[in-house]
Amino acid sequence: MGAASAALEARRAALIAKAAADRAALGRQLEPLTNVPNSLGRFLALKSQLPGKALSAGLGISALLLALPRLPLVRTGLALIQLASSVRRLLSRR
């Protein structure tokens with residue numbers, strides 16, 4: 001019985017060491033997620049300012065269109081904004 005008991009103890013020690021190594025590896029993999037609460041807090045603080053910023057951006061783009069209607073950069077920017085708006089609307093539908 002002594003040999004079997006020693007084998008079980010050795011196996012138990014190996015499993016405990018493996019579990020500790022696995023926990024450490026998982027901790028390293030999940031470390032980037034520690035920043036999520038901070039980022040979420042910043043986003044929620046910014047969310048209240050979004051209507052004003054959107055209005056400002058819209059007025060700025062309108063002014064650019066009136067001033068520089070033929071500039072390709074303005075057209076490209078507007079196309080990107082329309083694309084982003086469409087994607088946002090598609091993703092916000094329930």
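In every chain, residue numbers begin from 1 and rise along the written sequence. The predicted origin of the model limits local features to residues at a pLDDT of at least 70 and limits the giving and counting of side-chain atom pairs to 80 or more, whereas totals for whole chains, interfaces and linings rest on all residues. Side-chain calculation: all heavy atoms of the structure are included, whereas hydrogens and water are not.

Our next topic: the overall build of the protein. In this description a helix means any DSSP run of H or I spanning at least four residues, a strand means any run of E spanning at least two, and both kinds are numbered starting from the N terminus. Scanning the protein for helices and strands turns up four helices and zero strands. Order of helices (α) and strands (β) in the protein, N terminus to C terminus: α-α-α-α. Only C-alpha atoms enter the radius of gyration; for comparison, a globular chain is expected to reach 2.2 Å times N to the power 0.38, where N is the number of residues. Taking 2.2 N^0.38 as the reference for a compact globule, 94 residues should give roughly 12 Å; the C-alpha atoms of the protein span a radius of gyration of 28 Å, well beyond that estimate. Counting only C-alpha atoms, the protein reaches 90 × 30 × 25 Å along its principal axes. To sort residues, take the accessible area from a 1.4 Å probe on protein chains only and compare it with the maximum for the residue type: under 20% means buried, over 50% means exposed, and anything in between is partly exposed. Burial status across the protein gives 2% buried among its 94 residues. Per-residue and other accessible areas were derived by the Shrake-Rupley procedure at a 1.4 Å probe size, with only the shown protein chains allowed to occlude residues. Accessible surface for the protein amounts to roughly 8,400 Å². Of this, 68% is attributable to carbon and sulfur atoms.

The subject of this paragraph is the pattern of salt bridges. Only one rule defines a salt bridge in this text: a Lys or Arg side-chain nitrogen within 4 Å of an Asp or Glu carboxyl oxygen. Scanning the entire structure with this criterion turns up one salt bridge. Asp22 is the salt-bridge partner of Lys18, the closest N and O atoms lying 3.2 Å from each other. Placement of both Lys18 and Asp22 in helix H1 (residues 2–30) is noted, with a separation of four residues, approximately one turn of the helix.

Moving on to the environment of Ala13. With respect to the secondary-structure elements, Ala13 resides in helix H1. In this structure the C-alpha to C-alpha distance between Ala13 and Ala67, which are 54 residues apart in sequence, comes to 75 Å.

Patch construction takes residues with relative accessible area above 30% that form no salt bridge. Like charges are linked within 9 Å, and nonpolar side chains (Val, Leu, Ile, Met, Phe, Trp, Tyr) are linked within 5 Å. Judged by side-chain polarity, Leu40, Phe43, Leu44, Leu46 and Leu50 come together as a nonpolar surface patch covering roughly 450 Å² of accessible area. When residues in the nonpolar patch are grouped by element, the largest group, four residues, is from helix H2 (residues 36–47). Relative to the helices and strands, Leu46 resides in helix H2. Residue class for Leu46 comes out partly exposed when judged on its relative accessible area of 34%.

Counting through the fold element by element, Ser85 comes out in helix H4 (residues 72–92). Here a polar contact is taken to be a pair of N or O atoms separated by no more than 3.5 Å, where protein atoms must pair a possible hydrogen donor with a possible acceptor and residues adjacent in sequence count only if both atoms sit in side chains. Here the side chain of Ser85 touches Arg89 through a polar contact of 2.9 Å, side chain to side chain.

Structurally, Gln29 can be placed in helix H1. Exposure remark for Gln29: the relative accessible area of 60% places this residue in the exposed category. Distance in space between the C-alpha atoms of Gln29 and Leu8 is 31 Å, their sequence separation being 21 residues.

Moving on to the confidence of the model for the protein. Taken over all residues, the pLDDT of the protein has a mean of 81, while the share at 70 or more is 93%. The score called pLDDT rates the predictor's confidence residue by residue, from a low of 0 to a high of 100. The secondary-structure element of the protein with the lowest mean pLDDT is H2, recorded at 74, while H1 shows the highest, at 91.

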